[in-house]
Every structure is written in structure tokens, then in C-alpha cells.
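# Breakdown of the fold
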Amino acid sequence: MKYFFSALIISSVLFACTSNDANSNNISADAAVTADNVTATAPTSAAQIQWIDSMHQELGKVKEGGIVEVSWRFKNTGAGPLIVSNVNASCGCTVAEKPEAPIAPGSEGVIKAKFDSKDRQGAQRKDVFITTNAGTTPQQLSFAVEVQK
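In this report, the structure presented in the accompanying data block is examined. Note that the coordinates shown come from a computational prediction; the quantities given were computed from them, not determined experimentally.

About the criteria used
- Residues numbered from 1 in each chain as written.
- Predicted model: local features only at pLDDT ≥ 70, side-chain atom pairs only at ≥ 80, totals over all residues.
- Heavy atoms only, no water.
- Core = buried A, V, L, I, M, F, W, Y, C linked by side-chain atoms within 4.5 Å.
- Buried < 20%, exposed > 50% of the residue type's maximum accessible area, 1.4 Å probe, protein only.
- Helix = DSSP H or I, 4+ residues; strand = E, 2+ residues; numbered from the N terminus.
- Contact = heavy atoms within 4.5 Å.
- Disulfide = S-S within 2.5 Å.
- Salt bridge = Lys/Arg side-chain N within 4 Å of Asp/Glu carboxyl O.

## A closer look at the nonpolar core
Counting residues in hydrophobic clusters, the biggest one holds 23 residues, and the most contacted among them are Trp 51, Trp 72, Phe 74, Ile 111, Val 128 and Ile 130. For this core, the elements supplying multiple residues, two or more each, are β1 (49-51), β3 (67-76), β4 (84-89), β6 (108-116), β7 (122-132) and β8 (139-148). If we skip the residues at most four places from it in the chain, Ile 111 touches Trp 51, Val 70, Ser 71, Trp 72, Phe 74, Val 84, Val 87, Glu 97, Lys 98, Pro 99, Ile 130 and Leu 141.

This is the structure we're talking about:
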């Protein structure tokens with residue numbers, strides 16, 4: 001029984017794909033669509049991100065055990081809302097925060113991170129990876145700090 005229904009569905013699909021409308025052969029040359037009279041337009045609602053602050057920040061020195069806060073300001077220079085979908089830090093000692101609401105065109109937003117220097121010493125470089133609807137690859141933000149005993 002299921003073979004009958006499968007054959008019936010396949011036959012219906014094939015018949016629908018091959019049938020011609022009686023009026024389809026009566027298209028005038030003036031009404032025909034050609035590559036010359038069709039223009040493709042790219043979507044204009046794309047968001048774009050412009051970093052106001054440097055994507056790499058030197059934060060100086062901190063005593064071991066101190067918490068360092070860093071932020072990166074950005075602006076949506078595109079025509080559509082900018083959505084920050086994800087932020088990831090390169091290690092567990094850094095926690096990053098993203099804006100929860102979309103950033104309207106022309107508006108600014110902030111990515112924040114906190115670095116815990118407990119059990120760290122010397123030069124430290126940490127990365128924060130940002131995923132937005134403005135591009136297909138994550139953008140990399142970074143900061144450097146010197147942890148002193």
C-alpha cells in the first residue's frame with residue numbers, strides 16, 4: 001500500500017513539473033525576461049562593526065590576585081542591526097560580556113572582560129573572540145598585562 005502512495009506522489013510531482021500552461025507559449029518578445037532587463041540587488045540590511053578602541057590594549061602592571069577590567073567600544077556602521085551572538089575568552093582566567101540587545105545602525109556598544117590575575121605571574125596576553133552578524137569569522141580582541149608578585 002505504501003508503494004502505491006509513493007508511486008502516486010512521485011507521478012503527481014513529475015506531472016506537475018512537466019505540464020505547461022496553455023498561455024505560456026504566447027509570451028511576447030516585449031514581456032520576456034532576459035538577463036539584460038533584470039537587476040540583482042544585494043541586501044542593504046547588513047551590519048558592519050567599526051572598533052572605536054584599539055583591538056589590542058596594553059594594560060600595564062597589576063599585583064597578583066588583582067582583577068583587571070578592560071573594554072572595547074565599537075560602532076555599528078551598517079544599515080541593519082548588529083547582533084553580537086557570542087564572546088569567548090582564551091582561558092578561564094578571563095570572563096567576557098557581550099551586549100544582549102542588538103546595536104542599531106549608528107549606535108555604539110561595548111564588549112567587556114575581566115581578568116583574574118590570581119596564580120599568574122609575568123607577562124600575560126589574553127584574547128577575546130567576538131562572533132557577530134557582521135561577518136562569518138570571529139574577530140579577535142586582545143589585551144596584555146604584567147602580573148607582579
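## Topic: the state of the cysteines
The final tally for this structure, using the stated rule, is one disulfide. Covalently, Cys 91 is tied to Cys 93 through a disulfide, its sulfur atoms 2.4 Å apart. On the basis of relative accessibility, which here comes to 8%, the residue Cys 93 falls in the buried class.

## Some words on the pattern of salt bridges
All told, the structure shown has four salt bridges when counted by the stated rule. We note a salt bridge from Glu 100 to Lys 98, for which the minimum N-O separation is 3.5 Å. Close ionic contact of Asp 127 with Arg 125 constitutes a salt bridge, the shortest N to O distance being 3.4 Å. Residue class for Arg 125 comes out partly exposed when judged on its relative accessible area of 48%.

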